[in-house]
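These are the residues of each chain, in order.
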Amino acid sequence: MEKKLEFDDLDIFQKSTQLSALVKTLESDRKRIAQSLHDDICSKLNVISLNCHLLKIPNLPPKEIEEITKNIIEYTSKALNSSKKMTHSLLPPVLDKFGLHAGIEELCAQLIDDGTVAIQYENTLKFDFEENDNHIHVFRILQELFANSIQHGKATSISLFFDIIDGKRTCKYLDNGIGFDMNQLKNHKGLGIKNVVSRVEVLGGSLSMESQINNGISVVFNF
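Read on for an overview of the structure. (Residues numbered from 1 in each chain as written. Predicted model: local features only at pLDDT ≥ 70, side-chain atom pairs only at ≥ 80, totals over all residues. Heavy atoms only, no water.)

**Considerations on the overall build of the protein**
Then, number 1: Scanning the protein from terminus to terminus reveals six helices and five strands.
Then, number 2: Each helix and strand of the protein, placed in order from N terminus to C terminus, yields the pattern α-α-α-α-β-α-β-β-α-β-β.
Then, number 3: Put simply, the protein has 223 residues, and 32% of those count as buried.
Then, number 4: A separation of at least 24 residues holds for 67% of the contacts in the protein among residues at least 6 apart in sequence.
Then, number 5: As displayed, the protein offers around 14,300 Å² of accessible surface, 56% of which is attributable to carbon and sulfur atoms. (Helix = DSSP H or I, 4+ residues; strand = E, 2+ residues; numbered from the N terminus. Buried < 20%, exposed > 50% of the residue type's maximum accessible area, 1.4 Å probe, protein only. Contact = heavy atoms within 4.5 Å. Areas by Shrake-Rupley, 256 points an atom, 1.4 Å probe, with all protein chains shown as cover.)

Structure (structure tokens):
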């Protein structure tokens, strides 16, 4: 009975930890969406609104009307493109329709097409489409790691491997970026590591990370 109670307590603790991680992840996503809306789309809509009010000025010369109209069309197009990018980022259609492997392939292809980084992606796993709700967290982890490597790590090469290790589905992520001092990890708020840790906890997995200055980063997590 004591052993059973110990296991029950452990199960409750694990579920509580996962729930806490999920809440943190949701809050992080909300902040990111709000920031994107404010910085990108709202700013463009403000420009459109201002130009629309300018059209109300009486006796505007045709040339000014043409210029104002041109600005409205241009910023409307930019706002639409920003909305499409945000929608695609929130729930990539390929991931939703074809699963995690196809979603990762598309993500890698987009980054390679941008010309900023070379990516090696190898996968020996078969992702069950019925687990796509969990796979979304794996996808978000990779998005975060890619962004960190490119924006903060200045990496030019990334390697990504999925395989079964010790009976667990495992992802190994490597880059050749500038790296950082692991002793200063807590001070790297912009690296988004907390978001990665929270998502791995939601998946019930474990995560290990290694990095050195000028020697890139290595991240291994299972799920």
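**Describing the nonpolar core**
Then, number 1: Core analysis: the biggest nonpolar cluster contains 32 residues, and I104, F146, L160, F162, F221 and F223 have the highest contact counts within it.
Then, number 2: Residue contributions to this core peak at six residues, all from helix α5 (residues 132-152).
Then, number 3: Ignoring sequence-local partners within four residues, the contact set of F221 consists of V138, I141, R169, T170, C171, V200, S206 and L207. (Core = buried A, V, L, I, M, F, W, Y, C linked by side-chain atoms within 4.5 Å.)

**Here we look at the packing of aromatic side chains**
Two descriptors summarise a pair of aromatic rings, namely the distance from one centre to the other and the angle between the planes of the rings.
Then, number 1: In this structure the tally under the stated criterion is five aromatic pairs.
Then, number 2: For the pair F146 and Y173, a centre-to-centre distance of 5.7 Å together with 65 degrees between the ring planes defines the contact as edge-to-face. Here Y173 lies in strand β3 (residues 168-175) and F146 lies in helix α5, a separation of 27 residues in the sequence.
Then, number 3: Judged by relative accessible area, F146 falls into the buried class, the value being 2%.
Then, number 4: For Y173, a relative accessible area of 1% gives the class buried.
Then, number 5: Relative to F223, the ring of F162 lies with its centre 6.2 Å away and its plane at 80 degrees, an arrangement referred to as edge-to-face. Of this pair, F162 sits in strand β2 (residues 157-165) while F223 sits in the segment after β5 (217-222), and the two are 61 residues apart along the sequence. Across this residue pair, the class does not change: F162 and F223 are buried. (Phe/Tyr/Trp six-rings, centres within 6.5 Å; stacked < 30°, edge-to-face > 60°.)

**Looking at a nonpolar patch on the surface**
Then, number 1: Together, L50, L54 and I57 line one region of the surface with nonpolar side chains, adding up to about 250 Å² of accessible area.
Then, number 2: With respect to the element layout, L54 can be found in helix α1 (residues 2-54).
Then, number 3: On the accessibility criterion, L54 (31% relative accessible area) is partly exposed. (Patch = residues over 30% accessible without salt bridge, like charges linked within 9 Å, V, L, I, M, F, W, Y side chains within 5 Å. Salt bridge = Lys/Arg side-chain N within 4 Å of Asp/Glu carboxyl O.)

**Examining the packing of helix α4 (residues 100-113) against α5**
Then, number 1: α5 packs onto α4 with a crossing angle of 15 degrees between their chain directions and a minimal axis gap of 10 Å. It follows that α4 is roughly parallel to α5 by the angle criterion. Considering how the two elements wind past one another, α4 and α5 form a crossing that is right-handed. Packed against α4, whose contacting residues are L100, G103, I104, L107, C108 and L111, the element α5 presents N132, H135, V138, F139, L142, Q143, F146 and I150 at the interface.
Then, number 2: Considered class by class, the residues forming the contact of α4 with α5 number ten nonpolar, four polar and no charged. (Axes fitted to C-alpha atoms, helices over the stretch in contact; angles between N-to-C directions. Parallel < 35°, antiparallel > 145°, perpendicular 65-115°, else oblique. Left-handed = near helix turned anticlockwise from the far one by under 90°. Nonpolar A, V, L, I, M, F, W, Y, C, P; charged D, E, K, R; others polar.)

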